[in-house]
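Summary of the model geometry
Here are the chains, one letter per residue:
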Amino acid sequence: DQQVKQNSPSLSVQEGRISILNCDYTNSMFDYFLWYKKYPAEGPTFLISISSIKDKNEDGRFTVFLNKSAKHLSLHIVPSQPGDSAVYFCAASDRYNFNKFYFGSGTKLNVKP
Amino acid sequence: NAGVTQTPKFRVLKTGQSMTLLCAQDMNHEYMYWYRQDPGMGLRLIHYSVGEGTTAKGEVPDGYNVSRLKKQNFLLGLESAAPSQTSVYFCASSLGPEETQYFGPGTRLLVL
């Protein structure tokens, strides 16, 4: 049973608009979360992270929000650009097992020009 | 600075054959990881290493063995390949347990 779920396999957004990618988790022990971006034929690259002591972390056009009570996190991209078209994975870990990250199945984002 | 490299990029095996996937990193990272990615699923951790000479099991270790004889290399072995091991394999490395993991480009393995 997957502990991290991304229920939307794909998302299509117009350039300049906001992209919102969602992720849910089941393990209440998770306290560190990351988003990775993956282009075809390449490995995932780190995008942004958040620890459970925060509910928001921002880096340029990318913001991650964490709702611990709902066990939900989201990645906002504003404004979306065609170069953002990729597969986005969320991942989670807990402080006792930082070596082990659990990944969601990914959401393929398509930003249309 | 090549980062994380993986060899080979693509391989076809017959059931029962063996092979070794090589991961190399030039960032002097202590931690290294092997993941597999299957359709509809996220990356799943197979084995990992927290330093030269150490290895540990991840989420899906069965059917795989690993070795970390040198700090910069992490080898993933399949002793007797099965069709269920058809997947894309990613290697990653990091400075430490809470540090960003840097991924290689992946190895696509097809077991017939």
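What counts, and at which threshold
- Residues numbered from 1 in each chain as written.
- Chains lettered and ligands numbered in written order.
- Predicted model: local features only at pLDDT ≥ 70, side-chain atom pairs only at ≥ 80, totals over all residues.
- Heavy atoms only, no water.
- 1 Å grid on protein atoms, 1.4 Å probe; cavity = no way out; pocket = protein on both sides within 12 Å on 5 of 7 lines; lining within 4 Å.
- Points joined across faces, edges and corners; volume = space filled by probe spheres on them.
- Helix = DSSP H or I, 4+ residues; strand = E, 2+ residues; numbered from the N terminus.
- Nonpolar A, V, L, I, M, F, W, Y, C, P; charged D, E, K, R; others polar.
- Disulfide = S-S within 2.5 Å.
- Buried < 20%, exposed > 50% of the residue type's maximum accessible area, 1.4 Å probe, protein only.
- Polar contact = N/O pair within 3.5 Å; in protein donor to acceptor, adjacent residues only side chain to side chain.
- Contact = heavy atoms within 4.5 Å.
- Salt bridge = Lys/Arg side-chain N within 4 Å of Asp/Glu carboxyl O.
- Pairing = 2+ DSSP bridges.
- Axes fitted to C-alpha atoms, helices over the stretch in contact; angles between N-to-C directions.
- Buried area = accessible area lost by both parts, 1.4 Å probe.
- Patch = residues over 30% accessible without salt bridge, like charges linked within 9 Å, V, L, I, M, F, W, Y side chains within 5 Å.
- Areas by Shrake-Rupley, 256 points an atom, 1.4 Å probe, with all protein chains shown as cover.

1. Considerations on the layout of surface pockets
- Of the voids in this model, the largest pocket is the one considered here, and its volume is about 720 Å³.
- Lining the largest pocket are 31 residues, and of these A:Lys38, A:Val87, B:Gln37, B:Val88 and B:Arg108 sit closest to its centre.
- Those elements that provide at least two residues to the lining of the largest pocket are strand E9 (86-93) and strand E11 (107-112) of chain A together with strand E9 (87-94) and strand E11 (107-111) of chain B.
- Classifying every residue of the lining of the largest pocket gives 14 nonpolar, eleven polar and six charged.

2. What about the state of the cysteines?
- Counting across every chain of the model gives two disulfides over all chains.
- Disulfide pairing places A:Cys23 opposite A:Cys90 at an S-S distance of 1.9 Å. Across the S-S bond of A:Cys23 and A:Cys90 the torsion is about 65 degrees, and the bridge reads as right-handed. Of this pair, A:Cys23 sits in strand E3 (residues 19-25) while A:Cys90 sits in strand E9; the two residues are 67 residues apart in sequence, bridging distant segments of the chain. Grouping residues by exposure puts A:Cys23 and A:Cys90 together as buried.
- A sulfur-sulfur distance of 1.8 Å marks the disulfide that ties B:Cys23 to B:Cys91.

3. A look at the side chain of A:His76
Residue and element names in this part refer to chain A.
- With respect to the helices and strands, His 76 occurs in strand E8 (residues 72-77).
- On the basis of relative accessible area, His 76 is assigned to the buried category, the value being 18%.
- Within the structure, the side chain of His 76 is placed 3.4 Å from the side chain of Ser 74, a separation counted as a polar contact.
- Apart from the residues lying within four places of it in its own chain, the contact partners of His 76 are Ile 18, Ser 19, Ile 20, Arg 61, Phe 62, Thr 63 and Phe 65.

4. With respect to the pattern of salt bridges
- As enumerated under the stated definition, the model contains six salt bridges over all chains in all.
- Among the salt bridges present, the one from B:Glu30 reaches B:Lys71, with a minimum N-O distance of 2.9 Å. With a gap of 41 residues between them, B:Glu30 in the loop between strand E3 (19-25) and strand E4 (31-37) and B:Lys71 in the loop between strand E7 (65-67) and strand E8 (73-78) connect regions that are remote in the sequence.
- Through salt bridges with shared partners, a single ionic network connects A:Lys37, A:Arg61 and A:Asp84.

5. Focus on the sheet that holds strand E1 (residues 4-5) of chain A
Residues and elements named next belong to chain A.
- Taken together, five strands build an open sheet; the order of strands is E1-E3-E8-E7-E6 and the sheet is antiparallel. Every interior strand has two partners, whereas the edge strands, E1 and strand E6 (56-59), have only one.
- In this structure, strand E7 (residues 62-67) lies alongside E8, joined through six bridges in antiparallel fashion. Bridge assignment links Val 64 to a residue of E8, and that residue is Leu 75.

6. Considerations on the sheet that holds E7(B)
All names here are of chain B.
- One open sheet accounts for four strands, arranged E1-E3-E8-E7; its pairing is antiparallel. The two strands at the open ends of the sheet, each matched to only one other strand, are strand E1 (4-7) and E7. The average undirected angle you get between the axes of adjacent strands in this sheet is 20 degrees.
- The pairing of E1 with E3 spans four bridges and is classified as antiparallel. Looking across to E3, one finds that Val 4 is bridged to Gln 25.

7. A short note on the interface of chain B and chain A
- Across the contact, 22 residues belong to chain B and 18 residues belong to chain A.
- For the pair chain B and chain A, the summed buried surface comes to about 1,600 Å²; carbon and sulfur atoms form 60% of the total.
- A per-residue breakdown of the area chain B buries against chain A is headed by B:Leu43, B:Glu98 and B:Phe103, which together make up 26% of the total.
- At the junction of chain B and chain A, the tally comes to zero salt bridges.
- At the boundary of chain B with chain A, the tally comes to two residue pairs in polar contact (both at pLDDT 80 or more).

8. Description of a nonpolar patch on the surface
Residues and elements named next belong to chain B.
- On the surface, Phe 10, Val 12, Leu 110 and Leu 112 cluster together into a nonpolar patch covering about 360 Å² of accessible area.
- The residue Leu 110 is located in strand E11 in this model.
- In this structure Leu 110 comes out as partly exposed when scored by relative accessible area, which is 33%.

By themselves these figures say nothing about function.
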